[in-house]
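The lines below spell out each chain.
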Amino acid sequence: MIGKNLKYYRLQNNMTKKKIAEKAGISSMAVTHYESNERMPEPAILKKLAQVLSVSVMDLTASRNENLQFCHGEFRKNSNFGHRKQEYVFASIESYFDRFMTVEDFLGANVLPEPPAIHSLELSENNEINAARLRNWLGLAESGPVCQLVSNLENKGILVCLLDVQESGFSGINGTVENYPYIALNSNMTSERQRFTLAHELTHMAFSGEYDNEKQANAIAGAFLFPETDVIRELGFRRQSIQRDMEISAVEYGISMQCLAYRARECGVIGSAAYESYSRKISYLGWRKNEPSRIESEKPLLFKQLVYRAIEEEEINIQRGAELLQVPFNDIARELSDNTEAVHAVQQ
């Protein structure tokens, strides 16, 4: 069946059913039938669809687990991210985790950590308390930088995937796959913004109850990454403005200067006038959307680790591993060969 693959590649090419039907010389209804797996296209039509989408027939006919259970979060109600783009995000998430869960099946049970219970935290009116509860939920210290946040989440059973979405309207979203919580992030963001988005989505994931807006989730995310005790210790009790030395703290805690300035105001280190002055500077520099990154990017490694483990344990071959990771065969073969040579060198 090609339904999910056809829909994924159609959305990836930003095409409507009508558009792909016109290019393939078929009806829109036929595309609907193919995507819903009510019909299977004849070989000639399948080949034409692959040409239109600039993929191979093998890509369209790749096996998919139709039984995977997904529960996707919702986009913000006032989001200007269109419905078709939202569909593409969900299709991309399902494509990624279909491959992820395939290798998990190869390796058997207990290869993934048991995740914490979602929506289990009580929401307080005090966001510093909420941030401390969120850290405790993840087994983190109540103060200090959260280093390698992506790896920390993967080790706690919270899955993370990066999506190449060429739209600023999408930052991240959370949900579950086979009862494992996941967070999907736009890879086209700075590492600081990715970390903040992770903390924001964690807030939605961990706490019970409804949010009237995103403001509280952002406030909790900032306090999670830069707790009040740390803000005062790092920046001082009172400062007249946001100054250059504070960039060192921003790098240490993996946050943007915008986040640092907001936290400095919230914790009383600077006043509203100093914050507004810095906000005008940020606008002038174009940092509201494009603040330069100061830290190294974080990437999810669990999926790659599981694929390489499956190859080493001969559950799959290198070609299958390359298909799952969607990377060239030679890249995996070279990396595995380099690792083997390094191990032999150490043993000798």
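Because the structure is predicted, anything quoted here is derived from the model rather than measured.

> Give a detailed account of the confidence of the model for the chain, specifying residues and quantitative values.
When pLDDT is averaged along the chain, the result is 92; 96% of the residues meet or exceed 70. Least confident of the elements in the chain is helix α18 (residues 329-347), whose mean pLDDT is 71; most confident is helix α13 (residues 257-266), at 98. Within the model, the stretch residues 342-348 combines pLDDT values under 50 with 0 contacts to residues more than four positions away or in other chains.

> Requested: an account of the sheet that holds strand β4 (residues 180-186), with residues and values cited.
Reading across the sheet, the 4 strands line up as β1-β3-β4-β2 and stay open at both edges, with mixed pairing between neighbours. Strand pairing shows two members of the sheet lacking a second neighbour, β1 (70-72) and β2 (159-163), which therefore form its edges. Across the sheet, the mean angle from the axis of one strand to that of its neighbour is 25°, orientation sign disregarded. Two elements, β2 and β4, share 5 bridges in a ladder whose sense is parallel. Bridge pairing in β4 places cysteine 161 opposite alanine 184. Together, β1, β2, β3 (172-177) and β4 form the strand contacts of helix α6 (residues 83-107), whose direction differs from that of β2 by roughly 130°. This element, helix α9 (residues 191-206), spans β2, β3 and β4 of the sheet and lies at about 145° to β4.

> Explain the nonpolar core to me, and be specific about the residues and the numbers.
Membership of the largest hydrophobic core comes to 60 residues, with the highest contact counts inside it found for Ile93, Phe97 and Phe100. In this view, isoleucine 93 contacts Phe70, His72, Leu163, Ile173, Tyr182 and Ala184; residues no more than four positions away in its chain are not counted. Within the second largest apolar cluster, 46 residues are counted, among which are Val146, Ile183, Phe224 and Leu260.

> Give me the lowdown on the layout of surface pockets, citing residues and values where you can.
One simple way to see leftover space: roll a probe sized like a water molecule over the atoms. A volume near 710 Å³ is recorded for the second largest pocket. Tyr96, Leu162, Pro300, Phe303 and Leu325 are the residues nearest the centre of the second largest pocket, which is lined by 23 residues in total. Of all elements in the fold, only α6, β2, α16 (302-312) and α18 reach the threshold of two or more residues within the lining of the second largest pocket. Taken together, the residues that form the lining of the second largest pocket break down as 13 nonpolar, 4 polar and 6 charged.

Rules of the game
Residues numbered from 1 in each chain as written. Predicted model: local features only at pLDDT ≥ 70, side-chain atom pairs only at ≥ 80, totals over all residues. Heavy atoms only, no water. pLDDT = per-residue confidence, 0-100. Helix = DSSP H or I, 4+ residues; strand = E, 2+ residues; numbered from the N terminus. Contact = heavy atoms within 4.5 Å. Pairing = 2+ DSSP bridges. Axes fitted to C-alpha atoms, helices over the stretch in contact; angles between N-to-C directions. Core = buried A, V, L, I, M, F, W, Y, C linked by side-chain atoms within 4.5 Å. Buried < 20%, exposed > 50% of the residue type's maximum accessible area, 1.4 Å probe, protein only. 1 Å grid on protein atoms, 1.4 Å probe; cavity = no way out; pocket = protein on both sides within 12 Å on 5 of 7 lines; lining within 4 Å. Points joined across faces, edges and corners; volume = space filled by probe spheres on them. Nonpolar A, V, L, I, M, F, W, Y, C, P; charged D, E, K, R; others polar.

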